[in-house]
Amino acid sequence: MELEVRHLRVLCAIADTGSLHKAARQLGLAQPSLSTQLRRIERALGAQLFVRDRTGCRPTPLGLVVLSRARPLVAEFAAIVTETRAAAARTTDGFQLRIGATASRAIPGWLRLLRARVPRIEPTLQMNVSANALLGMVAAGRLDMAFVHEVEGSPLRVPPGLHVRVLVEREPQFVTLAADHPAALRPRVRLADLAGDRWMVDATVDGEWDALARALRAAGLRSEILHGDYLTAYSLAATGEVVTISQPTAHPRPDLTIRPLEGDPIGVRLLLAARTEEELDDAYPALEEAYWTVARDAPAYLAWLERGSRSGQAPAGERRPEAGPHPSVGASAAPR
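In this text, all values refer to a predicted model and were calculated from it rather than measured experimentally.

Caption draft 1: Region of interest: the side chain of glutamate 169. Topologically, glutamate 169 is positioned in strand 7 (residues 163-172). In this structure glutamate 169 comes out as buried when scored by relative accessible area, which is 13%. At 3.3 Å, the side chain of glutamate 169 and the side chain of arginine 269 are in polar contact.

Caption draft 2: Quick peek at the packing of aromatic side chains. Counted according to the given criterion, the structure contains five aromatic pairs. Taking the centre distance of 5.0 Å and the plane angle of 85° together, the rings of tyrosine 291 and tryptophan 292 count as edge-to-face. Like tryptophan 292, tyrosine 291 is buried. Through successive ring pairs, a cluster of aromatic residues spans Phe174, Tyr291, Trp292, Tyr301 and Trp304. Cation over ring: arginine 165 sits above tyrosine 284, and NZ or CZ is 5.5 Å from the ring centre.

Caption draft 3: Up close: the packing of helix 2 (residues 20-27) against helix 3 (residues 31-45). Contact geometry of helix 2 with helix 3 gives a least axis separation of 9 Å together with a crossing angle of 105°. With respect to their mutual orientation, helix 2 and helix 3 come out roughly perpendicular. Where helix 2 abuts helix 3, its residues Leu20, His21, Ala23, Ala24 and Leu27 lie against Gln31, Leu34, Ser35 and Leu38. Of the residues in the contact of helix 2 with helix 3, the class split is six nonpolar, three polar and no charged.

Caption draft 4: Just empty space enclosed by the protein, in detail. Taken as a whole and assessed by the stated rule, the structure comprises one cavity of 30 Å³ or more. In this model, the largest cavity occupies a volume close to 30 Å³. Looking at the lining of the largest cavity, the element that brings in the most residues is helix 7 (residues 208-218), giving three residues. Broken down by class, the residue content of the lining of the largest cavity amounts to four nonpolar, one polar and one charged.

Caption draft 5: Geometry of the layout of surface pockets. Counted as a void, the second largest pocket has a volume near 470 Å³. Residue assignment for the lining of the second largest pocket shows that the elements contributing at least two residues are strand 6 (145-151), helix 8 (230-238), strand 11 (243-246) and strand 13 (267-274). Per-class residue counts for the lining of the second largest pocket are 14 nonpolar, eight polar and four charged.

What counts and how
- Residues numbered from 1 in each chain as written.
- Predicted model: local features only at pLDDT ≥ 70, side-chain atom pairs only at ≥ 80, totals over all residues.
- Heavy atoms only, no water.
- Helix = DSSP H or I, 4+ residues; strand = E, 2+ residues; numbered from the N terminus.
- Buried < 20%, exposed > 50% of the residue type's maximum accessible area, 1.4 Å probe, protein only.
- Polar contact = N/O pair within 3.5 Å; in protein donor to acceptor, adjacent residues only side chain to side chain.
- Phe/Tyr/Trp six-rings, centres within 6.5 Å; stacked < 30°, edge-to-face > 60°.
- Lys NZ or Arg CZ within 6 Å of the ring centre and 35° of its normal.
- Axes fitted to C-alpha atoms, helices over the stretch in contact; angles between N-to-C directions.
- Parallel < 35°, antiparallel > 145°, perpendicular 65-115°, else oblique.
- Contact = heavy atoms within 4.5 Å.
- Nonpolar A, V, L, I, M, F, W, Y, C, P; charged D, E, K, R; others polar.
- 1 Å grid on protein atoms, 1.4 Å probe; cavity = no way out; pocket = protein on both sides within 12 Å on 5 of 7 lines; lining within 4 Å.
- Points joined across faces, edges and corners; volume = space filled by probe spheres on them.

Encoded structure:
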């Protein structure tokens, strides 16, 4: 077996995350496949590179030597790929803007505004539930920018060199429940009002499961949390089987009600990330307009925003956005 750049990338990912499970998720691999790759790499080198135990993986002394040589090679190869892909995205007829995003109702309006304001730009879209995966794709040159959300208490891993602009410092997450649920009559729902309900969230969304679990524990509740995609969660919520987290911009359906949670215990920060400030300058204004258009078109969110305005507190998202390189966005995560 001859070592290739992908094998060196595997070693760096394991060292950076300290876990085969986390490294496999970062690389988009199944954990058994990653474990097999690591064993093959160690056999090829004739030595153990990591010590594996219940607390995770840590490099052996020889592993540290290998990593010291691997990291600059991986970084240099990534730079070559990034520059080549960025150049290839530019065509003689215009510029293909490769956008990645986690779910948001603002995305259709954003793409429409980008096309209208800069005719030579043709935006393309790649969706992913993992904000960390999208940020990695921007850093690797597979995307030009990413619109992502950072769940409070679960800081994102922002690759060095990326520039980040904050769209909303703290967007409250609401609850979606059946229209005939007793708590649907309240303008703001307490977690205690849902003590007898099961929750469903998508555990593949970075930080989502942990945020809900923390909020329930803080409220003294031990509610059951089920894993499922949000399309399924909405369908089950409509029949009263579960309740679920929702973005405040979500539109209610006749069989569903969306309400803010008392005290706003779960929040996310909305971010736009790119490799340069110029790219952010080009795309951010359209995103900001698209977001606040859907925000004011969502009844529950509009009421929440107006209540904040009446109390003399400007909505967090309407403060002047911050910009600049963010090696660690999560460093200022609390309060958000």
